[in-house]
Amino acid sequence: MSRLGSDCQRLSHVIGNDMNLIIRNVLQGTGALVNLLSLSWPLTMSTLVICSVLSAVFLVYGRYQKNAAKLSQEFTAKANEVAEDTLTLMKTVRVYGTEGMEIGRYKLLLERLGSVSIREAAAYGLWNLSFHTLYRLTQVLALLLGGLSILTGYVSPEQLTKYILYCEWMIYATWRLADSLTSLLQSIGASEEVFHLMSLSPSHQYLSKGKHTEENATVHEKAEEGLKIQKLRGHVQFVDVSFQYPSRITVPALANVNFSIQPNEVVAIVGASGCGKSSLVSLLLRLYDPVDGQIYIDGFPIKELDIRCLREKIGFVGQEPHLFHMDISSNISYGCSGKVNQEDVELAASQAGAHDFISTLPDGYQTVVHDGLLSGGQKQRIAIARAILRDPAILILDEATSALDWESERRIKGLIFNQTARTVIVIAHRLGTVENADRIIVMHGGRVVEVGTHKELLLRDGFYARLIRNREDSIGF
Ligand SMILES: Nc1ncnc2c1ncn2[C@@H]1O[C@H](COP(=O)(O)OP(=O)(O)OP(=O)(O)O)[C@@H](O)[C@H]1O
């Protein structure tokens, strides 16, 4: 982000400043050249030779500046990243006593930036020196040769004066033009990343077009983006789904996953850390598409559904809910389509066990959230209230109660497991949280290894029974 910010600044400088300077100097240089040609073409040729030498020097200098600008932007962005990381993770840095190391990292990048800037300044100095030397040399030569020509009667004093004047105009125009072009080249170096980002196409999931089938026309309306399901029942089906993350194509996150969840069923997904539970959810939220296989929602391939409409009907509470820097009320009603009453907000907060602590805040529901205002468990309760308020057809809770105390967790469990108006998918490390689920899907190494109720799985004495036996030692307990 910081790189993008500084690149855009440079780009706006080019558009605002350099372009008009370039146009002005091209016009001035052309005017001077026409006048010089009308005076004498041999003298004009000598001026053009000087301008060509200047241009050649500029070419070398310009190329150097372009690379230097790229490096300087890169080091600035990296230094900003280190500063940003350190300030955001201040607590971790202090606890681990790595202040010195972070200062060292920052200093190293600033030193590299300093060294590039010094080289940039030295190159600029050399470029200026070569310009002034050539320019003064031209004036001396013009006076010497022009003086001789006046003495021999070849040119008049008036012509010599005009020549020196136009020559100055032309050389200065070339110099300023070269200067503006240097700045332009620097900006091109800096803006390559901006253009690269601008040229990226949106993920194809946003462009997916839905197919319209006549038999479904009564319950689904055709939308340009995809099928919009008016009333989602919450039937979820994974058929032979395999997936690996684009950044780790050699490691399968999911392999041939098959299961189906009935409408209004409460299903828990359990398994050791890294077995693919969150990846399943990411596919269901269509943050990624499966590499193989198909996911069906209410019998429709997920790829044919309108993504926004689908997400509106899915409530998701993640492992580390982040709240927006706005008031609590707006945080709870965030993403709700249509008008939301304060009573609805407060009801959702009560159901999530958040109303009591919100009432003790200085401005109650109008308190603006800032870092350090709420504990992890309080943030989770607000995120759960947000999901409840949306009244989703499918509710996904990914470790959503991990930071809650026993009493709050029991209350939310009661709310989730006793209601039947929606499909609920719960991911939890604390196995006690999922015992009451209608079914438990057990995962291992990206595969579904067992499916059944708590009792059935215990009787089977397989993976799940082993997890239960070891649960007090299990990760995250
Ligand atoms: N964004 C990502 N890019 C690359 N690999 C990832 C990414 N997220 C997860 N993985 C990998 O995919 C595999 C499955 O991860 P996933 O997060 O789905 O597991 P999990 O069961 O939810 O783990 P946990 O219980 O610790 O949250 C792991 O090997 C993990 O390293």
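Scoring rules and cut-offs
Residues numbered from 1 in each chain as written. Predicted model: local features only at pLDDT ≥ 70, side-chain atom pairs only at ≥ 80, totals over all residues. Heavy atoms only, no water. UniProt positions renumbered as here; feature names shortened; annotations may be inferred. Near = heavy atom within 4 Å. Polar contact = N/O pair within 3.5 Å; in protein donor to acceptor, adjacent residues only side chain to side chain. Areas by Shrake-Rupley, 256 points an atom, 1.4 Å probe, with all protein chains shown as cover. Buried < 20%, exposed > 50% of the residue type's maximum accessible area, 1.4 Å probe, protein only. Helix = DSSP H or I, 4+ residues; strand = E, 2+ residues; numbered from the N terminus. Pairing = 2+ DSSP bridges. pLDDT = per-residue confidence, 0-100. Contact = heavy atoms within 4.5 Å. Axes fitted to C-alpha atoms, helices over the stretch in contact; angles between N-to-C directions. Parallel < 35°, antiparallel > 145°, perpendicular 65-115°, else oblique. Left-handed = near helix turned anticlockwise from the far one by under 90°. Salt bridge = Lys/Arg side-chain N within 4 Å of Asp/Glu carboxyl O. Phe/Tyr/Trp six-rings, centres within 6.5 Å; stacked < 30°, edge-to-face > 60°.

- Under an unreviewed UniProt entry, the name given to the protein chain is ABC transmembrane type-1 domain-containing protein, and the organism recorded is Eucalyptus grandis.
- The annotation that UniProt attaches to the protein chain under Subcellular location (unreviewed entry) is "Membrane".

## What about the site of the ligand?
Then, in step 1: Close contacts around the ligand come from 14 residues, with Arg248, Ser273, Gly274, Ser278 and Ser279 the closest.
Then, in step 2: The contact in question runs from an oxygen atom of the ligand to an N or O atom on the side chain of arginine 248, over 2.7 Å.
Then, in step 3: Within the side chain of lysine 277, a nitrogen or oxygen atom sits 3.0 Å from an oxygen atom of the ligand.
Then, in step 4: Here the ligand loses 70% of its free accessible area of 630 Å² to cover by the protein chains.

## Considerations on the pairing of strand 10 (residues 423-427)
Then, in step 1: The buried fraction of strand 10 is high, at five of five residues.
Then, in step 2: Every second residue of strand 10 is oriented toward a common face, with Thr423, Ile425 and Ile427 on one face and Val424 and Val426 on the other, all of them buried.
Then, in step 3: Pairing of strand 5 (residues 266-271) with strand 10, which is carried by four bridges, proceeds in the parallel orientation. The residue bridging valine 266 from the neighbouring strand is valine 424, located in strand 10.
Then, in step 4: Of the pairings in the sheet, the one linking strand 9 (residues 394-398) to strand 10 comprises five bridges and is parallel in character. Across the sheet, residue leucine 395 finds its bridge partner in strand 10, namely valine 424.

## Comments concerning the confidence of the model for the protein chain
Then, in step 1: Chain-level pLDDT for the protein chain is 81 on average; 85% of the residues reach the 70-or-more range.
Then, in step 2: Every residue in residues 206-223 scores below 50 in pLDDT, and together they form 31 contacts with partners more than four places removed in sequence or on other chains.

## Considerations on the packing of helix 2 (residues 41-88) against helix 4 (residues 99-152)
Then, in step 1: Two numbers describe how helix 2 lies on helix 4: the axes approach to 9 Å, and their chain directions differ by 165°. Relative to helix 4, the element helix 2 is oriented roughly antiparallel. For the crossing formed where helix 2 meets helix 4, the hand is left-handed.

## Points about the pairing of strand 6 (residues 292-297)
Then, in step 1: The pairing of strand 3 (residues 236-243) with strand 6 spans five bridges and is antiparallel. Bridge pairing links glutamine 237 to tyrosine 296 in strand 6.
Then, in step 2: With two bridges joining them, strand 6 and strand 7 (residues 300-301) adopt antiparallel strand pairing. Residue pairing for strand 7: tyrosine 296 is matched across the bridge by proline 301.
Then, in step 3: Count of turn residues in the strand 6/strand 7 antiparallel hairpin: two residues, of which aspartate 298 carries a positive phi of about 50°.

## Quick word on the side chain of histidine 454
Then, in step 1: Looking at the secondary structure, you find histidine 454 in helix 14 (residues 454-460).
Then, in step 2: A polar atom in the side chain of histidine 454 sits 2.7 Å from the side chain of tyrosine 464.
Then, in step 3: Not counting residues within four places of it along the chain, the set of residues in contact with histidine 454 comprises Glu435, Ile440, Tyr464 and Ile468.

## A look at the pattern of salt bridges
Then, in step 1: All told, the structure shown has six salt bridges when counted by the stated rule.
Then, in step 2: A salt bridge links aspartate 289 to arginine 286; the shortest N-O distance between them is 2.9 Å. Comparing aspartate 289 with arginine 286, the two get one shared label, buried.
Then, in step 3: The closest approach of N and O atoms between arginine 469 and aspartate 461, which form a salt bridge, is 3.0 Å.
Then, in step 4: The exposure class assigned to arginine 469 is exposed, which follows from its relative accessible area of 54%.

## Brief notes about the sheet that holds strand 10
Backbone hydrogen bonds are what pair the strands of a sheet, in a parallel or an antiparallel way.
Then, in step 1: One open sheet accounts for six strands, arranged 8-9-10-5-11-12; its pairing is mixed. Either end of the sheet is taken by a strand with one partner, and the two such strands are strand 8 (314-317) and strand 12 (447-452). Neighbouring strand axes in the sheet, compared pairwise and without regard to direction, differ in orientation by 15° on average.
Then, in step 2: Two strands pair when backbone bridges link them, and strand 11 (residues 439-444) and strand 12 are joined in this way by five bridges, in the antiparallel orientation. Each residue of the ladder has a partner; that of histidine 444, found in strand 12, is arginine 447.

## Examining the sheet that holds strand 3
Then, in step 1: Sheet architecture is open: four strands sit in the order 4-3-6-7, paired in antiparallel fashion. Of all strands in the sheet, those bounded by a partner on one side alone are strand 4 (254-261) and strand 7.
Then, in step 2: Against the sheet, helix 7 (residues 277-284) contacts strand 3, strand 4 and strand 6, and its axis sits at roughly 115° relative to strand 3.

## What about the packing of aromatic side chains?
Then, in step 1: One pass over the full model with this rule turns up 11 aromatic pairs.
Then, in step 2: When the centroid spacing of 5.9 Å and the interplanar angle of 0° are considered together, the rings of phenylalanine 131 and tyrosine 135 count as stacked. Note that phenylalanine 131 and tyrosine 135 are positioned in helix 4 at a spacing of four residues, about one turn of the helix.
Then, in step 3: Look at tyrosine 135 and you get buried, because its relative accessible area is 3%.
Then, in step 4: Measuring from ring centre to ring centre gives 5.3 Å for phenylalanine 243 and tyrosine 288, while their planes differ by 50°; the resulting arrangement is tilted.

## Structural notes on the packing of helix 10 (residues 342-351) against helix 12 (residues 376-389)
Then, in step 1: One can describe the packing of helix 10 onto helix 12 by two numbers: an axis separation of 8 Å at closest approach and a directional angle of 125°. Taken together, the axes of helix 10 and helix 12 lie oblique to each other. Note that helix 10 runs across helix 12; the crossing there is right-handed. Facing Asp344, Val345, Ala348, Ala349 and Gln351 of helix 10, the residues of helix 12 in contact are Ala385, Ile388 and Leu389.

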